[in-house]
Amino acid sequence: MSSSTAPEPVRPSRRRVVTPPKDAVTAASLALAGALAVVAATWWLRSVLSGVLVDLQVDGALGETLLLIASVASLLLLLPAYRAWQAAQRGRTARLAADIITARVQGAAARTWCWYTFGYAVAVLLVLAIALFIVLNDVAVGRTFFFLPLIFDSFHLVFDAFWVNVFIFCVAEVFVLIWGLVVAIARLIPGEPGRPIRMIATAYIDVFRGLPAIISIYLVGFGLPLTGLPIIRDFPLEWYAILALTLTYGAYVAEVYRAGIESIHQSQTAAARSLGLSYAQTLRYVVIPQAVRRIIPPLLNDFISLQKDTALVNVIGAIDAFNQAKIVASNHFNLSSVTTVAFLFVVITIPQARFVDRLIERDQRRMRAAG
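Residues numbered from 1 in each chain as written. Predicted model: local features only at pLDDT ≥ 70, side-chain atom pairs only at ≥ 80, totals over all residues. Heavy atoms only, no water.

Draft legend 1. Representation of the packing of helix 5 (residues 148-187) against helix 10 (residues 279-309). Here helix 5 crosses helix 10 at 135 degrees, and the two axes come no closer than 11 Å. By the angle class used here, helix 5 and helix 10 are oblique. The interaxial crossing formed by helix 5 with helix 10 has right-handed handedness. Residues F169, A172, E173, V176, L177, L181 and I185 of helix 5 touch helix 10, and the partners they reach there are L283, I288, L299, F303, L306 and Q307. When its residues are assigned to classes, the contact of helix 5 with helix 10 shows eleven nonpolar, one polar and one charged. (Axes fitted to C-alpha atoms, helices over the stretch in contact; angles between N-to-C directions. Helix = DSSP H or I, 4+ residues; strand = E, 2+ residues; numbered from the N terminus. Parallel < 35°, antiparallel > 145°, perpendicular 65-115°, else oblique. Left-handed = near helix turned anticlockwise from the far one by under 90°. Contact = heavy atoms within 4.5 Å. Nonpolar A, V, L, I, M, F, W, Y, C, P; charged D, E, K, R; others polar.)

As structure tokens, then:
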């Protein structure tokens, strides 16, 4: 018995039509025109700033040299725009010649160079906008915040007073590290007998995290001397500020410690307790050393905030950099000395912020490698 199968119908073959890439000449033209416009705006602003330097009493030769360097540097913006134009033209030629692969490659290169041009053009425009804001209204902003003669004359006064801020945040950081760890451990005490201590620690954290630092400094700086308590009433103003900042930032750091301790897997605690270590020994030798390594970046972020908040000590009359700058500003009716304070804080803060970023990136790489 033979069986026969019906022949399958022949399906027509479908050939995928390759579509040519989009032309990038328009985008490249816009990038080149935008770059030329930004360069023209830069050279126009250079002519405006040349007259401003005289009003701000800046050394003419030095100022003109810096402006010339900045203006010449803006010409570098034409380089990616020209590269985009070249790639777009090569892509158009390949497109007309039906060379699809070359057209796509050159089109992608042209769009990449266009984005380079647009990105750097926007950055230059932002800088130009800031410079233009400074010179508006007959250089009112420049004379108010960046009057160089006053900055140079008052710098030594502000810098000497800035060491008060350095002393406050260096001492306060040490106390905050210790006090925050004590509060975190108190909040993590296990068992029913530890409930009252946990409740007190939680209440302290909630209160001082909700209380602005300036109010804490005001209450401690003016309140404790009024109590007439021995020893405490004779504290220098800087130590009142240290106490207030320790109480405030101790609440934040306690939560950072707690998060780090709770991130350690319970198997670590169980293993330590099975070896005969007490709860305190487990925290000291096993849990806390591992937790501290994980919380260094958030701790540094809190300390950066602490350094900036040392400027709040002016409310209790301590002669720190901000208070000294206010005295100079009130005498000259000019805020350039306060700009000096801002510069000093930024100088010590930015390196720490970049260091925190590197630590975070290192931890992320370690976690990805472990995973």
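Draft legend 2. Just the packing of helix 9 (residues 266-274) against helix 10, in detail. Axis separation between helix 9 and helix 10 bottoms out at 10 Å; the angle between their running directions is 140 degrees. Considered as vectors, helix 9 and helix 10 are oriented oblique to each other. Viewed along their axes, helix 9 and helix 10 form a crossing whose handedness is right-handed. Contact residues: helix 9 offers Q268, T269, A272 and R273, while helix 10 offers Y279, T282, V286, V287 and Q290. Looking at the contact of helix 9 with helix 10 residue by residue, the class counts come to four nonpolar, four polar and one charged.

Draft legend 3. Spotlight on a nonpolar patch on the surface. Judged by side-chain polarity, F167, V174, F175, L177, I178, W179, V182, I231, F235 and W239 come together as a nonpolar surface patch covering roughly 880 Å² of accessible area. Looking at which element gives the most residues to the nonpolar patch, the answer is helix 5, with seven residues. (Patch = residues over 30% accessible without salt bridge, like charges linked within 9 Å, V, L, I, M, F, W, Y side chains within 5 Å. Areas by Shrake-Rupley, 256 points an atom, 1.4 Å probe, with all protein chains shown as cover. Salt bridge = Lys/Arg side-chain N within 4 Å of Asp/Glu carboxyl O.)

Draft legend 4. Summary view of the side chain of Q106. Along the chain, Q106 falls in helix 4 (residues 100-145). Judged by its relative accessible area of 17%, Q106 is buried. If we ignore the near neighbours within four places in the chain, the residues touching Q106 are A87, R90 and G91. (Buried < 20%, exposed > 50% of the residue type's maximum accessible area, 1.4 Å probe, protein only.)

Draft legend 5. Representation of the nonpolar core within the structure. Judged by nonpolar contacts, the single largest core of 32 residues is most densely connected at I168, V183, Y204, I205, L245 and L306. If you tally residues by element for this core, the top one is helix 8 (residues 237-262), at eleven residues. For Y204, the contacting residues outside a window of four places in its chain are W179, V183, T246, L247, G250 and A251. One finds F169, A321, L344 and F345 within the second-largest nonpolar core, a separate group that totals ten residues. (Core = buried A, V, L, I, M, F, W, Y, C linked by side-chain atoms within 4.5 Å.)

Draft legend 6. The environment of I168, seen in detail. Here I168 shows up in helix 5. C-alpha separation for the pair I168 and D357, spaced 189 residues apart in sequence, amounts to 25 Å. Setting aside its immediate chain neighbours within four residues, I168 contacts E238, A241, I242, L245, T310 and V313.

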